[in-house]
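What follows is the residue order along each chain.
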Amino acid sequence: MAAHMRRLTHRYRAVINKNLTSRISLRGCLSRSYSQVQTDFSSNQVRRTFTDFFHDLYQHIIVPSSPVRPRGDPSLLFVNAGMNQFKPIFLGAADPLSEMATYRRVVNSQKCVRAGGKHNDLEDVGRDVYHHTFFEMLGNWSFGDYFKEEACIMAWRLLTEEYRIPPERLYVSYFAGDTTSGLPADEETRHIWLSMGVPSDHLLPFGMRDNFWEMGEIGPCGPCTEIHYDHIGGRNAASLVNADSPDVVEIWNLVFMQYNREADHSLRSLPQFSVDTGMGLERLVTILQGQRSNYDTDLFTPLLSAIQQCSNCPEYRGRTGEADVGKVDMAYRVVADHVRTLSVCIADGVYPGMSGAELVLRRILRRAVRFSTEVLQAPEGALASLVPTVALILGDAYPELHKETDRIMDIINENEAQFLSSLKQGRRVIDRTLQRLEKNDTLFPAPVAWSLHRNLGFPLDLIGLMLEEKGLSVDQQALYELAIENEKCQVQTSIGDTLVHLDLHSLAQLQSGEVPHTDDSPKYHYSLAQDGKYVFQPCHATVQALYCGQSLVSKVAGGQRCGVVLDRTCFYAEQGGQSHDQGYFIRDGLPDVLYPVEAVQVAGGYVVHQVTAAEVLRKGDQVQLYVDEPQRLACMVKHTATHVLNFVLRQLLGPSVEQRGSHVAADRLRFDFSVKDRRTKRKRKAPDTHSTMAPIADTQKKQFEEFMKLETDRLLSEEEQADQLVACTANEENNSERQLQQMDELLSENKSILTLFQQLANTFEHVARALVPPHQSCPPTTQSRPNNTAWYPPTTPFGASVYSPIHHLEGSINIHHDHMSSSVAIHCRTFVLSDLIKYIEF
């Protein structure tokens, strides 16, 4: 009934909006003509006008930007488009009990990074006046609500009336069709634009490359219509649309999601049509402020001014190519762009590192440092000094930049110091190699370039730039072969590639067939016996659906790999940073045949059990589920240990400790954290190395128990537990109280586990003290300190002495379980403290 009422509400809104727009008079959209673009918009006004327009006039929900680190999407290094956070909706996999599942109309400004992966603008940044690694994407979305006509009307009204862009400077492209794919031209969109008064000579057809958007090799896709702007005006510039002309640029892309690209590359119509639009803020601000370069807008001019003040170079003049003597203006653009990217990424918990997104950010930082110090002749520390200016420009929209300013500056300074040392060494290597080359040689040896990249962390594009200045280049073919060889050595098989995933159409088929979502509340149905052991009751369930070979089937034969959807389950699906349960189920009437459950996932409210069928399995079969109890208990211990770690680190290092992520599995846990400056904290007494496993003091124990209760209540409301508790609440209001009571019992009644937690907390206390040691009366000599920084030698409770910076720390704690024992390994950016921490007997 509620779903029916929601559909009626959305239809009612659509009718209201359609009537509203018809009263505006479609052809009246072109009645106003501004010979000159208005230039009185600040970037903050442009962003705010966009969101307010859709929120106030068209009832869109304003959704905050997601962090630039993608959540639950291993296919991306960074969020690179506004639609990334809404992919579960497009794929039909949004949790039906989540807020996202209620979205019908949404608007936001999304932080995006395009560096690394498929979309990589890093090497182009600085060479021109419009490429960026970080940018903001303005977008509005419709999920099964309005479609083409409303989207076009809204876009045109915003551009011509709210932003007051002259309509005669706008050109519109639409999909011309594709005979190979069997797709007809999008005549519907063409007629919509014509009915709005767009002249036919400003309405242009283009093919798949320009006007058909796809999420990936498989997934939702559809034709798009793009709005382009002519910077010059007073002419017909139709021939310059999609011609890579800097004078005629695309400003807004409206994608109409109506197909799904299947695994066999065929196209199927989506069960629900959606709209996905994207408009780059930087490019729009350039137009509205009457500029030709993004770097001449108020998003960059304060940064360029700050760069000039801390460097020994003349002011920025906006030159490119050969006119940019000494690449000074290129360096300005590189530093301005990269410090924005660094600030946003670090504020969102992505730090320079050695793999994935962290490695890309490390490359960005080193590229910025090199241009700052060598081209602009700025002193060490100048790059970090620009962070407050970034926060001033972007902080109103993204307040985390104000909160994290000190942390961002610390991380940039530390990494800059490390790279400058490597840069000097690398330059010596390059100079010595050049001395050995013949006079006529123009190719730099690829093995030397690869060694600089692998051993000293030089980005390959940075090596190319350094050689380009000397009139040389790298043997790209040889370099490519070395990279491929290195990649082969590091290839690891990922289980994610072998998982069974419900596809979009199968999910829609389940929903249209009114198959109820899986009730997973039985995963909480366990109790504590008198002997102190947990008892997990088996769960009886019915097979609701079987998924095999990219489709729903009525039965699977023995030996077939499939996904099994049940009406209820006691298995925990992988989510919120915790691994899935393992176990098996048996079929009624066949008690001696086990169906091992290899993986458990949740998609669109359905829990999918990945099984290789031992015998025939049919839809409607009755089964009994049994969880692997030791594996579940191991996950429970590691889960609670993350709460202990969070508590202990906050107790020892202060409230500036920020959890940056975690992962819980049966054999290990990972806890990612960062902490700000500790130099002003009071000194702590050195730990007693003879009482490592001593009980926690009564006061600390009381604080610990109080914190654990509060921390559990708090985290249960966060994303990693939201799915479970919301599901429980939906089924029975009192059920959630029972679950909380059981969690309390987990902390208070199991004395053996609580004792373990006390031992863990006590050991982690010494670990944390080792990481941020007390001030020593006899610091090491300058020669023994890395990079001559203010480091002090801590003494661990296990007799090891390790150098660590007391002014900043970020890293992760990993606990690995092996043969009834756990070892604690602390991995930090600047050093590794491993195999030095005492084993804790369970």
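Everything quoted here is computed from the prediction, not taken from an experiment.

A. Here's a closer look at helix α4 (residues 148–162). End to end, α4 covers 20 Å across 15 residues, agreeing with the expected 21 Å (1.5 Å per residue, within 8%). Most of α4 sits out of view: 12 of its 15 residues are buried. Of all the positions in α4, only K148, E150, A151, C152, I153, M154, A155, W156, R157, L158, L159 and T160 are classed as buried. Two residues or fewer after α4 comes R164, characterised by a positive phi angle close to 60 degrees.

B. Main features of the pattern of salt bridges. Under the defined criterion, the tally for this structure stands at 23 salt bridges. Notably, a salt bridge pairs D329 with R319, separated by 3.0 Å at the nearest N-O pair. Linking D329 in helix α9 (residues 328–347) with R319 in the loop between α8 (301–309) and α9, this pair joins segments that are 10 residues apart in sequence. Looking at D329, the relative accessible area reads 0%, which means it is buried. As a salt-bridge pair, E598 and R561 come within 3.6 Å of each other at their nearest N and O atoms.

C. Structural view of the confidence of the model for the chain. Overall, the prediction assigns the chain a mean pLDDT of 76, with 73% of residues at 70 or greater. Here residues 491–497 scores under 50 on pLDDT; set against residues more than four positions off or in separate chains, the count is one contact.

D. Quick peek at the pairing of strand β20 (residues 606–612). Judged by how many residues are buried, β20 sits mostly within the fold: six of seven residues are covered. Both strand β17 (residues 561–566) and β20 contribute to a ladder of five bridges, which runs antiparallel. Looking at the pairing, V565 lines up with V608 of β20. Pairing of strand β19 (residues 590–603) with β20, which is carried by six bridges, proceeds in the antiparallel orientation. The residue bridging A599 from the neighbouring strand is Q610, located in β20. Two successive antiparallel strands, β19 and β20, enclose a turn made up of two residues, where G604 displays a positive phi of approximately 60 degrees.

E. Summary view of the pairing of strand β5 (residues 203–206). Pairing between strand β4 (residues 170–175) and β5: four bridges, direction parallel. Looking at the pairing, S173 lines up with L204 of β5. Note that the unit made of β4, helix α5 (residues 187–195) and β5 has a crossover that is right-handed.

F. Structural context of the side chain of K111. Of note, K111 is situated in strand β2 (residues 105–113). On the basis of relative accessible area, K111 is assigned to the buried category, the value being 3%. At a separation of 3.0 Å, a polar atom in the side chain of K111 contacts the side chain of D348. Residue contacts for K111: discarding those within four places in its chain leaves S65, S66, V68, V79, F134, F135, V344, D348, Y398 and E400.

Quick notes on the rules
Residues numbered from 1 in each chain as written. Predicted model: local features only at pLDDT ≥ 70, side-chain atom pairs only at ≥ 80, totals over all residues. Heavy atoms only, no water. Helix = DSSP H or I, 4+ residues; strand = E, 2+ residues; numbered from the N terminus. Expected span 1.5 Å × (residues − 1). Buried < 20%, exposed > 50% of the residue type's maximum accessible area, 1.4 Å probe, protein only. Salt bridge = Lys/Arg side-chain N within 4 Å of Asp/Glu carboxyl O. pLDDT = per-residue confidence, 0-100. Contact = heavy atoms within 4.5 Å. Pairing = 2+ DSSP bridges. Right-handed = clockwise from strand over helix to strand, strands pointing away. Polar contact = N/O pair within 3.5 Å; in protein donor to acceptor, adjacent residues only side chain to side chain.

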